[in-house]
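Survey of secondary and tertiary structure
Spelled out from the first residue to the last, the chains are:
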Amino acid sequence: MQPFRKLAHVHSGKELLDIAFRRASKSASSLSFKRGTPPIVMAKAREITRVRTAGDILYHRLQKIVKSFPSIDSLEGFYRDFIDIFYGVDNFKRILGSIYKASFIIKRLQRRYVRLIKRAQTPEEARKLCIQAYGRMSSVIDMISDRLNFLAEAFRTLKSLPAVDLSVPRIVVSGYPNVGKSTFVSKVSTASPEVAEYPFTTKNVIVGCIYKDSRKICQIIDTPGLLDRPISERNVLEKQAISAIIHLANIILFIMDPTLSSGYTIEEQINLLGEIESYSKNKPVIVVLNKIDIADETTLEKVRRELSDRKVLEMSALLGENVDKVIEYALKIIGETKGAD
Ligand code: GDP
């Protein structure tokens, strides 16, 4: 489940005030009075309606923003990590808290000015009090205007995050372009993979499900453009995006092309492997040599020797050879890692 799909739309401070004051005017002008009603009574009723309506709208809109956000502490892994990596959990909570507080300040102002208007002696005084109330409400909204802009952007981003089922393990694939990652993902995942935009980058995240005996056993995630080039050359946002994806993974499959048909040397590929490993800290990284159907034995031997200090799997994603074994092995390692936690 994607926990952010139902986040409220966040208006800018200016938009919020426009909406509130426009509605307030409309409500006040739709009031009707019996003939002969004293001007002071009519004036007070109008100004009270204005202050009440504007206050209610601002209060409810601000409340809605905060209430539409799920409790950060109850969020699961990836989504909480994402907030932490991109915005900082404490910072996010502080900002939501200040919006919530602002809603109560608006409510208090509304009550106070309604009381004052009730005691007004003249239509002019009532009008002046209403203008004062508007001014003070505007100041409150102006004060949180930057935070509203921040939330508007953050909510848009969070809504677009890919829906990842966190109840089953996640395998993230990595490796240079053209080594066979997407061929592998489409070969092992039976459902057609979901392609979701990935915030802050022009990249997509591809999430495929793997079923066994009609039970979903894991998800496989490909991130074209992210985990397929040296991380050291990335900008800050991309590094953050990479961190979030790595947080999402239970395991990373590093796919190598020993035939060099992808255009990258073995050395370049091993260097990238080193970077991914140093970036992924405690996440297991499994190396898989792909395209063994066309790889020549001498090169394969050379790669095996270079990686002799680790377990290396081999497959042909194109022919579907050994692909199930790779998934089984990954799940076994995930199981062992979990057991060791
Ligand atoms: P990606 O950029 O890493 O996702 O790579 P692709 O999956 O798009 O594959 C790049 C090219 O390699 C395509 O032409 C695939 O058909 C080919 N390819 C992928 N896996 C294999 C394989 O196991 N054997 C052979 N011979 N070709 C493969």
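Above: the structure in question.
Structure report, in brief. (Residues numbered from 1 in each chain as written. Predicted model: local features only at pLDDT ≥ 70, side-chain atom pairs only at ≥ 80, totals over all residues. Heavy atoms only, no water.)

**What about the sheet that holds strand S4 (residues 215-222)?**
Read across the sheet, 7 strands follow the order S2-S3-S4-S1-S5-S6-S7 without closing on themselves; strand pairing throughout is mixed. If you trace the sheet from one side to the other, it starts and ends with strand S2 (194-197) and strand S7 (312-314), each paired once. For this sheet, the mean inter-axis angle between neighbouring strands, taken without regard to orientation, is 30°. Pairing of strand S5 (residues 251-256) with strand S6 (residues 285-289) involves 5 bridges; the strand directions are parallel. Looking at the pairing, Leu253 lines up with Ile286 of S6. With respect to the sheet, helix H7 (residues 181-188) is in contact with strand S1 (170-174), strand S3 (204-212), S4 and S5, its orientation differing from that of S4 by roughly 165°. (Pairing = 2+ DSSP bridges. Helix = DSSP H or I, 4+ residues; strand = E, 2+ residues; numbered from the N terminus. Axes fitted to C-alpha atoms, helices over the stretch in contact; angles between N-to-C directions. Contact = heavy atoms within 4.5 Å.)

**Some words on the packing of aromatic side chains**
The tally for this structure, following the rule as stated, stands at 13 aromatic pairs. Note on Phe69 and Phe92: the rings are 5.0 Å apart at their centroids and 35° apart in plane angle, and the pair reads as tilted. One end of the pair, Phe69, is in the loop between helix H2 (39-67) and helix H3 (77-86); the other, Phe92, is in helix H4 (residues 89-118), and 23 residues separate them in sequence. A residue is classified by how much of its surface remains accessible, and Phe92, at 0% relative accessible area, is buried. Here a set of aromatic residues connected by ring pairs shows up, and it is made of Phe4, Phe69, Tyr79, Phe82, Phe86, Tyr87, Phe92, Phe150 and Phe155. The residue whose ring lies beneath Lys311 is Tyr329, and the NZ or CZ to ring-centre distance is 5.1 Å. (Phe/Tyr/Trp six-rings, centres within 6.5 Å; stacked < 30°, edge-to-face > 60°. Buried < 20%, exposed > 50% of the residue type's maximum accessible area, 1.4 Å probe, protein only. Lys NZ or Arg CZ within 6 Å of the ring centre and 35° of its normal.)

**Details of the pairing of S4**
Along a regular strand, successive side chains alternate from one face of the sheet to the other. When you tally the buried positions in S4, you get 6 out of 8 residues, the bulk of the element. Pairing between S1 and S4: 4 bridges, direction parallel. Counterpart to Val173 in the pairing with S4 is Asp222. Of the pairings in the sheet, the one linking S3 to S4 comprises 7 bridges and is antiparallel in character. Residue pairing for S4: Val207 is matched across the bridge by Ile221. In this structure, the hairpin formed by S3 and S4 is closed by a connection of 2 residues, where Asp213 is found at a positive phi of approximately 50°.

**Let's talk about the nonpolar core**
Counting 111 residues, the largest nonpolar core has Leu62, Phe69, Phe92, Leu158, Phe184 and Tyr198 as its most contacted members. A per-element tally of this core places H4 first, with 11 residues. Counting the residues that make up this core, at least three belong to each of domain 1 (13-159) and domain 2 (170-340). Setting aside chain neighbours within four positions, we find Leu158 in contact with Gln2, Phe4, Leu7, Phe69, Phe82, Ile83, Tyr87 and Phe92. (Core = buried A, V, L, I, M, F, W, Y, C linked by side-chain atoms within 4.5 Å. Domains from an automatic or database assignment.)

**Considerations on the environment of Ile276**
Structurally, Ile276 can be placed in helix H9 (residues 266-280). Placed 47 residues apart in sequence, Ile276 and Arg229 show a C-alpha to C-alpha distance of 9.4 Å. Dropping the residues within four chain positions of it, Ile276 is found in contact with Ser174, Leu227, Ile231, Ile252 and Phe254.

**Here we look at the pairing of S3**
Pairing of S2 with S3, which is carried by 4 bridges, proceeds in the antiparallel orientation. Each bridged residue has a counterpart across the sheet, and for Val195 the counterpart in S3 is Ile206.

**A short note on the side chain of Lys283**
Tracing the backbone shows Lys283 in the loop between H9 and S6. Despite its burial, Lys283 pairs with no opposite charge; the closest candidate is Asp81, at 6.2 Å N-O. At 2.8 Å, the side chain of Lys283 forms a polar contact with the backbone oxygen of Ala249. The contact partners of Lys283, leaving out residues within four places of it in the chain, are Ile246, His247, Ala249, Asn250 and Ile252. (Lys, Arg positive; Asp, Glu negative; His and termini not counted. Salt bridge = Lys/Arg side-chain N within 4 Å of Asp/Glu carboxyl O. Polar contact = N/O pair within 3.5 Å; in protein donor to acceptor, adjacent residues only side chain to side chain.)

**Overview of the packing of helix H1 (residues 13-29) against H2**
It is the contact of H1 with H2, at a shortest axis distance of 8 Å, that shows an interaxial angle of 145°. Crossing handedness for the pair H1 and H2: right-handed. In this structure, H1 contributes Leu16, Leu17, Ile19, Ala20, Phe21, Arg23, Ala24, Ser25, Ser27 and Ala28 to the contact, and H2 contributes Arg46, Thr49, Arg50, Thr53, Ala54, Ile57, Leu58, Arg61 and Leu62. Residues that form the contact of H1 with H2 fall into these classes: 11 nonpolar, 4 polar and 4 charged. (Left-handed = near helix turned anticlockwise from the far one by under 90°. Nonpolar A, V, L, I, M, F, W, Y, C, P; charged D, E, K, R; others polar.)

**Notes on the pattern of salt bridges**
What the rule picks out here adds up to 18 salt bridges. Here Arg156 makes a salt bridge to Glu153, at a shortest N to O gap of 2.9 Å. Of the two residues, Arg156 and Glu153 both sit in helix H6 (residues 145-159), 3 residues apart, roughly one turn of that helix. A salt bridge links Arg310 to Glu277, with the nearest nitrogen and oxygen atoms 2.7 Å apart.

**Re the site of the ligand**
Around the ligand sit 15 residues in total, of which Asn178, Lys181, Ser182, Thr183 and Asp293 are the nearest. At 2.8 Å, a side-chain N or O of Asp293 approaches a nitrogen atom of the ligand. In the model, an oxygen atom of the ligand is placed 3.1 Å from a nitrogen or oxygen of the Ser316 side chain. A per-class count over the shell around the ligand returns 6 nonpolar, 6 polar and 3 charged. (Near = heavy atom within 4 Å.)

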